Amino acid sequence: MSATTNAMFLIEGEEWKAAVDGFEHAIDLVKFIRQQYGDYFSITVAGYPEGHPDGYLADKISYEEELANLKAKVDAGADVIITQMFFDVDLFLKFVKKCRDAGIMVPIVPGILPLMSYNGFQKMTGFCKTAVPPELSEALEQVKGDDAAVKDLGIRYGVDMCRKILKSGLCPGIHFYTLNTENSVMAMVDALGFVSSTEAIRSLPFRKSTFDPRRTERVRPIYWANRFKSYLFRTTNWEKYPEIQWTNGAARMFLDPPKENILNNVDATPEAAKKLLEHYGELDSIAAVQAMFAKYYSKELANFPWCEKDGLYEQASLLKSQLLWMCKLGLLPINAQARANGIPSSDPVLGWGAKNG
């Protein structure tokens, strides 16, 4: 055994068969490890909220007998239980309570598998004999021909499951089954707030994407920093990303001053266009646009066409007086990057790079 390994998850493989003079059940392996290595290893075993596919669900033993078998594994030395995947949270919570009633007191961690594809979902739930709630089945049928929509549904449904489980207070955490495709899991981790945006250490000034084609991306233009959704959308089909710089630093582009309200060119419904006009006013001159910029940096405007987040973006707050001064001079900054030195990498606004940097 490697000296760096001190935890084991003991589960049965597909079409498992006992070897001659070998272990027939997981409890045999649990006992062996405890006899040979004492408490050196932390041992995790599997639990089946709906019943084992080849046990209770195959009408071979009762549900109570399965709970007794699980308790026997715990009594033999198992420290933690991770469950088979499921999609019915109420059923899982009942399983936890039944375990407690049976005297199983070790932590029980739910196994969550995000939906990756319609066919894959049908295969896995069929193989594991997993119960599918009607609302999930109906929603899945509506998008089964759209792989992206299926993944999005899987993320949203999985996040709702995790929130309900964590709110119950019956479980110490979540175990995610990635099946070698971690993108959906990372999206769920983000949505659940498991990694605090103010505490996470960024290896780059922007948060790197987990989407495969974007993994090598190391440079993003500063003028897109506050419109990351638009930036990601506009570069979705790119096969390669710049490695050093985006464009010739000497290149400049200018537009003629507006001769009419620039909002007239916005692709929006009449109702939305009316709201924009009420919010920003008549942007029919340089002075009017300049006034809008000044109102935003003075926090008189709650939002801004060049920033997707409501309120003054973080770095602009640090440069408020300088940005207002620029507006008065007729310079209209759509983005700003604070000059900083000696800021720790953990700083919630300016920090990035290795930990303790």
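Just so it is clear, the structure is predicted and the values come from calculations on it, not from any experiment.

Student: Please explain the overall build of the protein as it appears in this structure.
Tutor: Counting secondary structure elements, the protein contains 12 helices and five strands. In the protein, which comprises 357 residues, the proportion classed as buried is 34%. Taking contacts inside the protein between residues at least 6 apart in sequence as the whole, the part at least 24 apart equals 62%. Working note: accessible area of the protein is about 22,500 Å², and carbon and sulfur atoms make up 53% of it.

Student: Where do I start with the environment of Asp160 in this structure?
Tutor: Summarising the element assignment, Asp160 is placed in helix H6 (residues 147–168). Take Asp160: its relative accessible area is 47%, and that puts it in the partly exposed class. For the pair Asp160 and Leu192, spaced 32 residues apart in the sequence, the C-alpha separation amounts to 9.2 Å.

Student: Could you clarify how one ought to interpret the pattern of salt bridges in this entry?
Tutor: Oppositely charged side chains are able to pair whenever their charged atoms sit close together. Taken as a whole and assessed by the stated rule, the structure comprises five salt bridges. With a closest N to O distance of 2.9 Å, Lys71 and Asp75 form a salt bridge. With Lys71 and Asp75 both in helix H2 (residues 63–75), this residue pair falls four residues apart, about one helical turn. Residue Lys71 is classed as partly exposed on the basis of its relative accessible area, which comes to 26%. Taking relative accessible area as the criterion, Asp75 reaches 54% and is therefore assigned exposed.

Student: What is the right way to look at the pairing of strand S4 (residues 108–112) in this model?
Tutor: Put simply, side chains in a regular strand alternate between the two faces of the sheet. Across the five residues that make up S4, a large majority, five, are buried. A two-sided burial pattern is seen for S4, the buried positions comprising Ile108, Pro110 and Ile112 on one face and Val109 and Gly111 on the other. The pairing of strand S3 (residues 80–85) with S4 spans three bridges and is classified as parallel. If you follow Met85 over to S4, its bridge partner there is Gly111. Between the parallel elements S3 and S4, the chain passes through helix H3 (residues 89–101) in a crossover that is right-handed. Direction of pairing for S4 relative to strand S5 (residues 175–176): parallel, over a ladder of two bridges. The partner of Gly111 across the bridge, within S5, is His175.

Student: Before we go on, may I ask you to explain empty space enclosed by the protein in this structure?
Tutor: Over the atoms, a rolling probe the size of a water molecule traces out where space has been left empty. The tally for this structure, following the rule as stated, stands at one cavity of 30 Å³ or more. If you add up the space inside the largest cavity, you get close to 40 Å³. In terms of lining, the largest cavity is formed by Tyr48, Pro49, Glu50, Gly51, Leu57, Gln84, Met85, Cys128 and Thr130. When its residues are assigned to classes, the lining of the largest cavity shows five nonpolar, three polar and one charged.

What counts and what doesn't
- Think of each chain on its own: its residues are numbered from 1, step by step along the sequence as written.
- This being a predicted model, a pLDDT of at least 70 is required before a residue's local features are given, and a value of 80 or more before pairs of side-chain atoms are given or counted; all residues contribute to the totals for chains, interfaces and linings.
- Working from all heavy atoms in the structure, the side-chain values ignore hydrogens and water.
- We count a stretch as a helix when DSSP gives it H or I for four or more residues in a row; a strand needs E for two or more, and each element gets its number in order from the N terminus.
- When a residue's accessible area, from a 1.4 Å probe over protein chains only, is under 20% of the maximum for its type it is buried; when over 50% it is exposed; and in between it is partly exposed.
- We call two residues contacting when some pair of their heavy atoms lies within 4.5 Å.
- Calculation of accessible area relied on Shrake-Rupley with a 1.4 Å probe; when residues are assessed, cover is drawn exclusively from the protein chains displayed.
- Put simply, a salt bridge is a Lys or Arg side-chain nitrogen that is within 4 Å of an Asp or Glu carboxyl oxygen.
- By definition, two strands form a pair when at least two bridges between them are found by DSSP.
- Think of it like this: strands point away, you trace from the first strand over the helix to the second, and a clockwise trace means the crossover is right-handed.
- A 1.4 Å probe that fits into a set of points on a 1 Å grid over the protein atoms alone but cannot get out defines a cavity; an open set with protein on both sides within 12 Å along at least five of seven lines defines a pocket, and lining residues are those with an atom within 4 Å of a point.
- Grid points are joined across faces, edges and corners, and a volume is the space filled by probe spheres set on the points.
- The residue classification treats Ala, Val, Leu, Ile, Met, Phe, Trp, Tyr, Cys and Pro as nonpolar and Asp, Glu, Lys and Arg as charged. All others, Gly included, are polar.

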